[in-house]
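Report on the structure
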Amino acid sequence: WRASCVSISAVQGAAAAIIKLAMIGVRDWLYEIQLRAMILLQVHDELVFAAHLEDLHEVAFGVHRIMTTCVELDVPILADIEVGPSWGEVEDYKL
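Residues numbered from 1 in each chain as written. Predicted model: local features only at pLDDT ≥ 70, side-chain atom pairs only at ≥ 80, totals over all residues. Heavy atoms only, no water.

In terms of helices and strands, the protein chain carries two helices and four strands. Taken across its 95 residues, the protein chain has 21% of its residues classed as buried. Look at the contacts in the protein chain between residues 6 or more apart in sequence, and 41% of them connect residues 24 or more apart. (Helix = DSSP H or I, 4+ residues; strand = E, 2+ residues; numbered from the N terminus. Buried < 20%, exposed > 50% of the residue type's maximum accessible area, 1.4 Å probe, protein only. Contact = heavy atoms within 4.5 Å.)

Now the structure itself:
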């Protein structure tokens, strides 16, 4: 039992570090290109944004790129983009 808890903690710790690196990368990118978007909050391995509709595609594309390339691993990092007027009404967004 203890060994499995340790291995899960290591994976969770790595995921937490990756999402922090992604948040920093996204924050810096949004500041640099001046899109009308901002990070609202982080919930576990999800980032929630507010974005102007006219900037939506560029924000979605940029966030996806940064989140999937912020660290180099032997396995791919996957990221899904969902969009909606509220967190409870999101739908898959195809890039």
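Having put the structure on the table, let's press on.
With that out of the way, let us pick up the nonpolar core. By size, the foremost hydrophobic cluster in this structure holds 13 residues, and its most contacted members are V26, W29, L30, L35, V59, V63 and M67. Looking at this core, the elements that each hand over two or more residues are α1 (2-33) and α2 (56-69). Sorting elements by how many residues they give to this core places α1 first, with five residues. Not counting chain neighbours up to four residues away, the residues in contact with W29 comprise L35, E58, V59, G62, V63, R65 and I66. (Core = buried A, V, L, I, M, F, W, Y, C linked by side-chain atoms within 4.5 Å.)

Once that is clear, we can look at the environment of Q34. As for its position among the elements, Q34 is in the loop between α1 and β1 (37-43). A polar contact of 2.5 Å, which involves the side chain of Q34, links it to the backbone oxygen of Y31. (Polar contact = N/O pair within 3.5 Å; in protein donor to acceptor, adjacent residues only side chain to side chain.)

This next bit is on the side chain of D55. Along the chain, D55 falls in the loop between β2 (46-51) and α2. Judged by relative accessible area, D55 falls into the buried class, the value being 11%. At 2.9 Å, the side chain of D55 forms a polar contact with the backbone nitrogen of R36. With near-sequence residues (within four places) excluded, D55 lies in contact with L35 and R36.

So, about the confidence of the model for the protein chain. Chain-level pLDDT for the protein chain is 89 on average; 89% of the residues reach the 70-or-more range. Mean pLDDT across the elements of the protein chain bottoms out in α1 (82) and peaks in α2 (97). (pLDDT = per-residue confidence, 0-100.)

A contiguous nonpolar surface patch, about 470 Å² in accessible area, is contributed by M38, L40, L41, W87 and V90. Looking at the secondary structure, you find M38 in strand β1. Given the relative accessible area of 48%, M38 is considered partly exposed. (Patch = residues over 30% accessible without salt bridge, like charges linked within 9 Å, V, L, I, M, F, W, Y side chains within 5 Å. Areas by Shrake-Rupley, 256 points an atom, 1.4 Å probe, with all protein chains shown as cover. Salt bridge = Lys/Arg side-chain N within 4 Å of Asp/Glu carboxyl O.)

Counting across every chain of the model gives three salt bridges. In this structure, the salt-bridge partner of E54 is R36, at a minimum N-O distance of 3.1 Å. Of this pair, E54 sits in the loop between β2 and α2 while R36 is found in the loop between α1 and β1, placing the two residues 18 residues apart along the sequence. In this structure E54 comes out as exposed when scored by relative accessible area, which is 64%. Here the salt bridges do not stand alone but share partners, grouping R36, E54 and D55 into one network.

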